[in-house]
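Spelled out from the first residue to the last, the chains are:
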Amino acid sequence: MATYIVLLGPPGVGKGTQAKILAKSTKLVHVSSGDLFRENLKNQTELGKLAKSFMDKGDLVPDDVTISMIRDRISRHDCDAGAILDGFPRTPTQADALEKMLTEFHGQVDAVPYITAAEDILVERTGGRWSCRAQGHIYHQKFSPPKKEGICDVDGSELYQRDDDKVETVTKRIRVYLDQTMPLVEYYRKRGKLLEINGMEAVEQVTQKLLSALKK
Ligand code: AP5
Ligand code: MG
């Protein structure tokens, strides 16, 4: 049975940061819906252009296109053993669709770490974030700065600030999260999958908590 871990939590809490670390230690693939949209945008695909119109406003991209993008991605062979899902599902409709597609792909959601932090921390983290153009490696000007300003340590590509990381857009994304994604907390709690993780500490501490919760 393929193993899927769903990372749940508000914008800027550290899902991408922790997903990259977990992917290394579990050897599962990191699948981020936001990164897939940004990659489409970089390649100027129709999906990328459509997604941008929602992302720039801080709204969710419609369920049907999001679900079919994730379905395509996890049907690839590198996901045969499973994946770390970051940013998907984000609505009950997406969660139901995930259950269905995993039955078909002989997989299941094993655990749902739910990472939380206070709103001022989310605003500070997104406000100082720098992302790598080539592969989406994540930095923060104060908490995890790159060795050389503006350059990714891993692949040497340019670092940029996401268009949706402006304070107004982040505030909107948090509202959309509370409204549309919070119901998933109960959804996965009812199924006995939820692992609550305090995301307010430093990256390494959060990773430790995550790994020890996943072991149990
Ligand atoms: P997406 O890209 O998924 O953004 P998000 O969920 O809003 O989350 P972020 O990527 O902003 O934050 P993160 O939790 O990954 O934090 P990170 O690790 O980078 O989605 C963007 C948009 O795409 C959505 O608004 C929507 O429009 C669309 N979309 C995506 N998925 C969708 C879906 N399923 N359905 C519909 N639409 C969808 O960390 C943030 C910063 O904090 C970094 O600078 C990092 O270095 C720093 N940091 C991390 N952890 C710590 C720590 N412990 N201490 C100090 N700093 C830390
Ligand atoms: Mg992210």
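Residues numbered from 1 in each chain as written. Chains lettered and ligands numbered in written order. Predicted model: local features only at pLDDT ≥ 70, side-chain atom pairs only at ≥ 80, totals over all residues. Heavy atoms only, no water.

Chemist: Which parts of the structure should I look at to understand the overall build of the chain?
Modeler: Helix and strand content of the chain: nine helices and eight strands. The C-alpha radius of gyration of the chain comes to 16 Å, within 12% of the 17 Å expected for a compact globule of 216 residues. Based on the C-alpha atoms only, the size of the chain along its principal axes is roughly 45 × 40 × 35 Å. Excluding contacts between residues fewer than 6 apart, the proportion of contacts in the chain whose partners are at least 24 apart in sequence is 71%. (Helix = DSSP H or I, 4+ residues; strand = E, 2+ residues; numbered from the N terminus. Rg over C-alpha atoms; globule rule 2.2 N^0.38 Å. Contact = heavy atoms within 4.5 Å.)

Chemist: Explanation requested: the pattern of salt bridges in the structure shown.
Modeler: A side chain of one charge can pair with a side chain of the opposite charge when the charged atoms of the two come close. Under the criterion given, the structure shown has 16 salt bridges. The partner of D163 in a salt bridge is K52, with the nearest N and O atoms 3.1 Å apart. Here D163, found in the loop between β7 (159-160) and α7 (167-181), pairs with K52, found in helix α3 (residues 46-55); they are 111 residues apart in sequence, far enough to count as distant. What makes D163 partly exposed here is its relative accessible area of 45%. Its salt-bridge partner being R189, residue E196 comes within 2.8 Å of it at the nearest N-O pair. The class of E196 is exposed, set by a relative accessible area of 54%. (Salt bridge = Lys/Arg side-chain N within 4 Å of Asp/Glu carboxyl O. Buried < 20%, exposed > 50% of the residue type's maximum accessible area, 1.4 Å probe, protein only.)

Chemist: Quick question: what am I supposed to make of the nonpolar core here?
Modeler: If you look at soluble globular proteins, the nonpolar side chains tend to sit buried side by side. Y4, V31, I74, L85, L98 and Y188 are the most contacted members of the largest nonpolar core, which has 33 residues in total. Of all the elements, helix α5 (residues 92-104) adds the most residues to this core, at five residues. Here L98 is in contact with V6, I74, L85, F88, P89, V109 and Y188, once residues within four sequence places are set aside. A19, A117, V170 and I197 belong to the second largest nonpolar core, which has 18 residues in total. (Core = buried A, V, L, I, M, F, W, Y, C linked by side-chain atoms within 4.5 Å.)

Chemist: Can you help me understand the sheet that holds strand β5 (residues 129-132) in this one?
Modeler: Paired through backbone hydrogen bonds, the strands of a sheet run either parallel or antiparallel to each other. Strand order in the open sheet formed by three strands is β6-β5-β7, and the pairing between neighbours is antiparallel. In this open sheet, the two strands that pair with only one neighbour each are β6 (138-140) and β7. Pairing between β5 and β6: three bridges, direction antiparallel. Across the sheet, the residue bridging to R129 is H140, located in β6. (Pairing = 2+ DSSP bridges.)

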